[in-house]
Amino acid sequence: MLSLPDFEAAARRVLPRPIFGYVAGAAEDNRAHDDNRRAFDELAFVPRVLCNVAHRQQQVSLFGTTYASPFGIAPMGIAALSAYRGDIVLARAAAQAQIPAVLSGSSLIALETVMAEAPGTWFQAYLPGTNERIDALLRRVAAAGVQTLVITVDIPVAGNRENNLRAGFSTPLRPGVRLAWDGLTRPRWLLGTLLQTLARHGMPHFENSFADRGAPILSSRVQRDFAERDHFDWTHIARIRRQWKGALVIKGILSPLDAAQAHRHGVDGIIVSNHGGRQLDSAVAPLRVLPAIVERAGDMTVMLDGGIRRGADVLKAMALGARAVFVGRPFNYAAAVDGEAGVAVAIDLLRAEIDRNLAMLGLTSLDDLGPQYLFNHRAPHPLHHPHGDHP
Ligand code: GLV
């Protein structure tokens, strides 16, 4: 494994088709998904030389905690189907490496268990349908010791994921000959992940959707549990802000107008995101709107996810104003391929790429990154300031 994309090819061989399809897939024609990558590819670096870069560091501070690198693990649903105890694997590897990890609200291991294994893990909630149930979930999250709460807001309804259906994935999973065949053709996964989970922990349930246990993954109740989210508006955020004492992060913002709204509501941070292209297809790539969002974000911590596969991508996002970024699928694949050790390797690879590129950019610290280090092939003028200030 020499780079993050290597884990994808390896995971394809390890994971049953529907599970790999769920992770890899996006909405409709993959336009949002594919443009997330393209937006990074359109930017080139303008490095400086002879800057004495002998003492480099890549620490960042987020909500009062110092992390060793400026990237974290994005929340990913049902990660415990990709790897045995996947949510714990991701959270522990991140804690070990001193980077943030966000536990998904659509996860299959109880929040309390994950927090005990990796204190400091962030929690991403999908809001339940009623204020009473939201309040109860917030009480549970606080009692579990979560300090940073991420609320995902780009899912008023489920995205149209034809790709998942074509790959044989659905929630609930539909038992049948095809699913059995998909499992039997991946014996390592069948024994090491599925049977091990069933034997030691029983049928996986959605543990963290509500204050109480949600539906099992094989139940038709799953659909109903996730069906009532289209009535949310900013009054819900205002209510949550009044109750939640920890850091509050909104994930799924793409419009500068919504960034301004979040700021007005006392939100501490936002994750500029199109959900990895999994919700609204043709939603703009986060990187493209990042500069305009940073302008409207006031003192909020602006973060980004979507399409980051290299240290170079991390640095491009940070040059445009992101304080940190999140990476999803590659860490899920790394967990599938080699558990916690695999995730540790992936983190180290990305960290080494950032360090190497910082040196070649002529930088010792992320604080000095800015748009003067970027050249945009498609629109050179706004980003290219050849005579701009330089440290
Ligand atoms: C869950 O959030 C997903 O995108 O599948």
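In the nomenclature of an unreviewed UniProt entry, the protein is known as Alpha-hydroxy acid oxidase of Ideonella margarita. Annotation of the protein in UniProt includes, under Sequence similarities (unreviewed entry), the sentence "Belongs to the FMN-dependent alpha-hydroxy acid dehydrogenase family." Checking UniProt for the protein, the heading Cofactor (unreviewed entry) contains the comment "FMN".

(A) Representation of the nonpolar core. Ranked by internal contacts, the top residues of the largest apolar core, which has 119 residues, are Ile270, Phe331 and Val343. Broken down by element, this core gets its largest block of residues, 14 residues, from helix H15 (residues 329–361). Not counting residues within four places of it along the chain, the set of residues in contact with Ile270 comprises Val249, Ile250, Ile253, Ala259, Ala262, Ile293, Met300, Thr301, Val302 and Met303.

(B) How the structure looks around helix H11 (residues 234–243). Along H11, the positions that sit buried rather than exposed are His236, Ile237, Ala238, Ile240 and Arg241. Buried residues along H11 sit in contact with helix H6 (131–143), strand S7 (148–152) and strand S8 (247–253).

(C) Local environment of the site of the ligand. Contacts to the ligand come from Tyr22, Tyr126, Arg161, His275 and Arg278. At 2.8 Å from an oxygen atom of the ligand is found a side-chain nitrogen or oxygen belonging to Arg278. Look at the ligand: alone it shows 190 Å² of surface, and the protein chains cover 89% of it. Its residues assigned to classes, the shell around the ligand shows two nonpolar, one polar and two charged.

(D) Main features of the pairing of strand S10 (residues 301–305). In terms of residue burial, S10 counts as a mostly covered element, since five of its five residues are buried. Examined bridge by bridge, strand S9 (residues 269–272) and S10 share four bridges and lie parallel to one another. Note on S10: the bridge partner recorded for Ile271 is Met303. Remark: the S9/helix H13 (residues 286–296)/S10 crossover connection has right-handed handedness. Crossover S10 to strand S11 (residues 324–327) through helix H14 (residues 311–319) is right-handed.

(E) Representation of the UniProt feature "domain: FMN hydroxy acid dehydrogenase" (unreviewed entry) in the protein. Per the UniProt record, "domain: FMN hydroxy acid dehydrogenase" (unreviewed entry) is annotated on residues 1–379. Taken as a whole, residues 1–379 contains 44% helix and 12% strand, while its terminal C-alpha atoms sit 35 Å from one another.

(F) Region of interest: the pattern of salt bridges. If you walk through the whole model with that rule in mind, you get 16 salt bridges. Notably, a salt bridge pairs Glu207 with Arg213, separated by 2.9 Å at the nearest N-O pair. A residue is classified by how much of its surface remains accessible, and Glu207, at 12% relative accessible area, is buried. The class of Arg213 is partly exposed, set by a relative accessible area of 45%.

(G) Region of the structure containing the pairing of S9. Of the two faces of S9, both are covered, the one formed by Gly269 and Ile271 as well as the one formed by Ile270 and Val272. Where S8 lies against S9, four bridges are found, and the strand directions are parallel. When the bridges of S9 are listed, Ile253 appears paired with Val272. This β-α-β element, S8 to helix H12 (residues 256–264) to S9, shows right-handed connectivity.

(H) Spotlight on unusual backbone geometry. Non-glycine residue Leu50 carries a positive phi angle of around 55 degrees. Position of Leu50 relative to the elements: it lies in the loop between strand S1 (43–45) and strand S2 (60–62).

(I) Region of interest: H15. Along its 33 residues, H15 runs just 27 Å from first to last C-alpha, ending more than 12% under the 48 Å computed at 1.5 Å per residue. At Asp338, H15 is deflected by roughly 135 degrees, the largest bend along its length. Directly beyond the C-terminal end of H15, a positive phi value near 90 degrees is found at Gly362.

The rules behind the values
Residues take numbers from 1 onward in each chain, read along the sequence in its written order. With pLDDT at 70 or above as the cut-off, local features in this predicted model cover only qualifying residues; side-chain atom pairs require 80 or more to be listed or tallied, and sums for whole chains, interfaces and linings still use all residues. Think of the side-chain values as coming from all heavy atoms in the structure, minus any hydrogens and water. UniProt positions are given in the numbering used here, feature names are shortened, and annotations may be inferred rather than shown by experiment. Here, nonpolar core refers to any group of buried Ala, Val, Leu, Ile, Met, Phe, Trp, Tyr and Cys residues whose side-chain atoms link them within 4.5 Å. Burial status follows relative accessibility: with a 1.4 Å probe on protein chains alone, a residue under 20% of its type maximum counts as buried, one over 50% as exposed, and anything between as partly exposed. Each helix is a run of H or I in the DSSP string that is no shorter than four residues. Each strand is a run of E no shorter than two, and both are numbered from the N terminus. Whether two residues are in contact is decided by their heavy atoms, any of which lying within 4.5 Å being enough. To be near a molecule or strand, a residue needs just one of its heavy atoms within 4 Å of it. Counting of polar contacts relies on pairs of N or O atoms within 3.5 Å, with two restrictions inside protein: one atom must be capable of donating a hydrogen and the other of accepting it, and residues adjacent in sequence are counted only when both atoms are side-chain atoms. Here the accessible surface of atoms and residues is derived via Shrake-Rupley with a 1.4 Å probe, and residues count as covered only by protein chains that are part of the display. Residues are grouped as follows: Ala, Val, Leu, Ile, Met, Phe, Trp, Tyr, Cys and Pro are nonpolar; Asp, Glu, Lys and Arg are charged; every other residue, Gly included, is polar. Strands qualify as paired when DSSP identifies two bridges or more between them. Viewed with both strands pointing away, a crossover whose connecting path from the first strand over the helix to the second turns clockwise is right-handed. Just to be clear on terms, a salt bridge is a Lys or Arg side-chain nitrogen sitting within 4 Å of an Asp or Glu carboxyl oxygen. In this scheme, a helix's expected span is set at 1.5 Å multiplied by one less than its residue total. Bend at a residue means the angle formed by two fitted axes: the first through the 7 residues ending at that position, the second through the 7 residues beginning there.

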